[in-house]
Amino acid sequence: MSDKVLVVDDEKAIADIIKFNLEKEGYQVETAYDGEEGLEKVKSFQPNLVVLDIMMPKKDGFQVLKEVRLSYKFPVIMLTAKEEEVDKVLGLELGADDYVVKPFSMRELIARIKANLRRVDYSSIKGNTNVIKSDELEIDLVKYEVLKNGKVVELTLREFELLKFLASSAEQVFTREQLLEEVWGYEYYGDIRTVDVTIRRLREKIEDNNGEFKYILTKRGVGYYFGRG
């Protein structure tokens, strides 16, 4: 069965052209034209991915994203205005997986959608031995679940993928550009601060609140790596 994509944008012409092009690619697509309708469609349509505009009536994209992240982990791609750099950072802070800047090419958006959906393909993970343990942290690659001191840590899919990638190559340092390519799944044309924001969110969730990091470490001037706890 093909993946389902929900497009939420109050500019009907944009939403409809995205729908048309995605359906040509074989996706099932629904559209919504304001934030409230978008939340209703999330419940009824149960999408595998959402393309979400920020500036919308009734509820803006940030409000929708906050509510979505209370219950769902599917990838969310934000559509942001070119001049609003703060929108990109805030979207990532709230749990967005990716963003595309308006005006965008349909080819780029489809590439982003495909890359994000590939990260949700659980079928290649088999067996019950795919667990990475480091001190009190446990990363279950089968269940896509992270435990700390036996308690579940709620991560977005992108945060989990980043942690899984780093933990699978413990103590190997990766540049931001390498992480964008390996974890986000394509050559990134935006701001490498995407990595920094996601790292910060991840640290807030898995590190102790003592000002020292033991899992996600920084190699000054180079990038990030996973320590052994």
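Just so you know, these numbers come straight off a predicted model, no measurement behind them.

### A few points about the UniProt feature "modified residue: 4-aspartylphosphate" (unreviewed entry) in the protein chain
(1) Moving on: Summarizing the sequence annotation, UniProt attributes the feature "modified residue: 4-aspartylphosphate" (unreviewed entry) to Asp53 in the numbering used throughout.
(2) Moving on: On the secondary structure map, Asp53 appears in strand β3 (residues 49-53).
(3) Moving on: Residues contacting Asp53, with those up to four places away along its chain left out, are Val8, Asp9, Asp10, Gly61, Leu79 and Lys102.

### Description of the nonpolar core
The nonpolar side chains of soluble globular proteins are, as a tendency, buried together.
(1) Moving on: Formed by 28 residues in total, the largest nonpolar core has its most connected members in Leu163, Leu179 and Ile216.
(2) Moving on: Only β7 (137-140), α6 (157-168), α7 (176-183), α8 (193-206) and β12 (223-226) provide two or more residues apiece to this core.
(3) Moving on: For this core, the element with the most residues is α6, which contributes seven residues.
(4) Moving on: Residues contacting Leu163, with those up to four places away along its chain left out, are Ile139, Val146, Leu155, Leu202, Ile206, Ile216 and Phe226.

### Re unusual backbone geometry
(1) Moving on: Of note, the bond from Lys102 into Pro103 is cis; its omega dihedral lies within 30 degrees of zero at -5°.
(2) Moving on: In this fold, Pro103 is placed in the loop between β5 (98-102) and α5 (106-118).
(3) Moving on: Residues other than glycine seldom take positive phi values, yet Lys58 does so here, at roughly 70°.
(4) Moving on: Residue position: Lys58 is located in the loop between β3 and α3 (61-68).

What counts and what doesn't
- Residues numbered from 1 in each chain as written.
- Predicted model: local features only at pLDDT ≥ 70, side-chain atom pairs only at ≥ 80, totals over all residues.
- Heavy atoms only, no water.
- UniProt positions renumbered as here; feature names shortened; annotations may be inferred.
- Helix = DSSP H or I, 4+ residues; strand = E, 2+ residues; numbered from the N terminus.
- Contact = heavy atoms within 4.5 Å.
- Core = buried A, V, L, I, M, F, W, Y, C linked by side-chain atoms within 4.5 Å.
- Buried < 20%, exposed > 50% of the residue type's maximum accessible area, 1.4 Å probe, protein only.

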